[in-house]
Amino acid sequence: MKPTIQTTSSKKSSIKSWPRPEAGVTLAAVSMIVDMGVQARPDFVDQSGKKIPRRPVQQLAILVDLLTQKHNWGGDLGEKQIRMPLYNTFEGQVLGHDFVVYKQDDGVVTFNAKSKMAKLTSACGATKELLANGHDISALLGKALMVEVSEREHNGNFYHKIKGVMPVMKGLPIPPLEATPVLVSFETCTEEQAKLIRSDVRKQIMKAENYDGSTIQKVFIKLGFDEGGFEEKPESKGGALALDLDDDIPF
C-alpha cells in the first residue's frame, strides 16, 4: 500500500486480566498497520493561540508488539507478546500517523522530516527502503525498533502509552516477533483482518471521508460493526472512548 498525494456484546469477557507493560525503553516490532482512510485533523494552534485549520489526510493506525514482554490472557488466547498502539487519542479521536508525502527542498518526495511517519521509518532503519519502493508501507511490517513506554496511575488504574521511538542499539539481540504482522487497507480488508482491528480504530475508520461505499465498510456491515449501514454515517462525538472489554482486541 502506498500513500495518496460496534457493537456491544452482552456476553461475559473471558479475559482474566489486562497487561501492565514495564515502563522504560524496550524492544518492539511493527505488528499491525491499519489504513484509517482520509481523516479530519484537529486544528493547529500557533504560539499566539490562533487556530489554523488543517486539511484532511489519509492516516494509519500503527501498533507494535513488545518483543521481551508477554501477558497470559488465559483461555484460548494464552500467552502473547504485549501489543501497544503508536497512536494517541484526543477528545475521542484516534490520532494516527499522517500517511502523506511532500516534495522537500532538495527535490526528494518523502515524509515531512518532523512527522511521526519520518521518525518511525528512521527508528525502523527503513528510510532508504521506503524511498526506493515509493513509500510502500508494508515494508515496515515486522521491522524492529526501540520504544519508550510510559505509565500513569489514576485511582488505582494504570495507563500506558508509547512516548517515543528510536533505532535498536547496535549489537542488541532481537527476539522474534511471534505474531504474523498484518496490513489492513480500505479496499482489500478481509473479515479476518477486520476482527483484529481494535474498537477505537474501527470507530475512527467509520468517520473517514472515503468510508462510504468502501470495501472495509461492506466488511464492517457484514460483521455487525457498522449498525448504521450505508444509510447513516456514525456521528463524531467528543469525550474519551470507552473500552469495551467484550468487543475489543486485547493483543
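Nothing here was measured: the structure is a model prediction, and the numbers come from that model.

### Some thoughts on the overall build of the protein chain
Link 1 in the chain: For the protein chain, the helix and strand inventory stands at 5 helices and 13 strands.
Link 2 in the chain: Looking at the 251 residues of the protein chain, the share that counts as buried comes to 43%.
Link 3 in the chain: Accessible surface computed for the protein chain: about 13,800 Å², of which carbon and sulfur atoms make up 50%.

### What to know about the nonpolar core
Link 1 in the chain: I33, I62, V64, I137, L140, L145 and V147 are the most contacted members of the largest nonpolar core, which has 28 residues in total.
Link 2 in the chain: At the level of secondary structure, the elements contributing two or more residues to this core comprise β1 (24-39), β4 (57-72), β5 (79-85), α1 (116-123) and β11 (144-154).
Link 3 in the chain: If we ignore the near neighbours within four places in the chain, the residues touching V147 are G24, V25, T26, A28, V64, L66, I162, G164 and V165.
Link 4 in the chain: Counting 22 residues, the second largest nonpolar core, distinct from the first, contains M36, A61, V94 and I216.

### Looking at helix α5 (residues 215-223)
Link 1 in the chain: Buried within α5 are the following residues: I216, Q217, V219 and F220. For α5, the angular spread of the buried residues around the axis is 160°, confining them to a single face.
Link 2 in the chain: The elements touched by buried residues of α5 are β13 (182-184), α3 (191-196) and α4 (199-205).
Link 3 in the chain: Taken from the residues just after α5, G224 is the one with a positive phi, measuring 85°.

### Structural notes on the pairing of strand β12 (residues 157-166)
Link 1 in the chain: As judged from the 9 bridges shared by β11 and β12, these two strands associate in the antiparallel manner. Considered in β12, the bridge of V147 is made with V165.
Link 2 in the chain: Hairpin geometry of β11 and β12 is characterised by an intervening segment of 2 residues between the two adjacent antiparallel strands and by a positive phi of about 55° at N155.

### Focus on the environment of N210
Link 1 in the chain: Relative to the helices and strands, N210 resides in the loop between α4 and α5.
Link 2 in the chain: Overall, N210 belongs to the partly exposed group, its relative accessible area being 34%.
Link 3 in the chain: For the pair formed by N210 and F186, sequence separation is 24 residues and the distance between their alpha carbons is 8.9 Å.
Link 4 in the chain: Ignoring any residue separated from it by four or fewer positions in sequence, one finds N210 in contact with G37, V38 and F186.
Link 5 in the chain: A polar side-chain atom of N210 sits 2.9 Å from the main-chain amide nitrogen of V38.

### Quick notes on the pattern of salt bridges
Link 1 in the chain: Applying the stated criterion across every chain yields a total of 7 salt bridges.
Link 2 in the chain: Across the salt bridge formed by E129 and K143, the nearest N and O atoms sit 3.2 Å from each other. With E129 in helix α2 (residues 127-132) and K143 in the loop between α2 and β11, this residue pair connects regions lying 14 residues apart in the sequence.
Link 3 in the chain: Its relative accessible area of 37% is what places E129 among the partly exposed residues.
Link 4 in the chain: The class for K143 is partly exposed, based on a relative accessible area of 22%.
Link 5 in the chain: Between K222 and E191 there is a salt bridge; the shortest N-O distance is 2.8 Å. Of this pair, K222 sits in helix α5 while E191 sits in helix α3, and the two are 31 residues apart along the sequence.
Link 6 in the chain: For K222, a relative accessible area of 64% translates into the label exposed.

Cut-offs applied
Residues numbered from 1 in each chain as written. Predicted model: local features only at pLDDT ≥ 70, side-chain atom pairs only at ≥ 80, totals over all residues. Heavy atoms only, no water. Helix = DSSP H or I, 4+ residues; strand = E, 2+ residues; numbered from the N terminus. Buried < 20%, exposed > 50% of the residue type's maximum accessible area, 1.4 Å probe, protein only. Areas by Shrake-Rupley, 256 points an atom, 1.4 Å probe, with all protein chains shown as cover. Core = buried A, V, L, I, M, F, W, Y, C linked by side-chain atoms within 4.5 Å. Contact = heavy atoms within 4.5 Å. Arc of directions from axis to C-beta. Pairing = 2+ DSSP bridges. Polar contact = N/O pair within 3.5 Å; in protein donor to acceptor, adjacent residues only side chain to side chain. Salt bridge = Lys/Arg side-chain N within 4 Å of Asp/Glu carboxyl O.

Just geometry here; none of it tells us what the structure is for.
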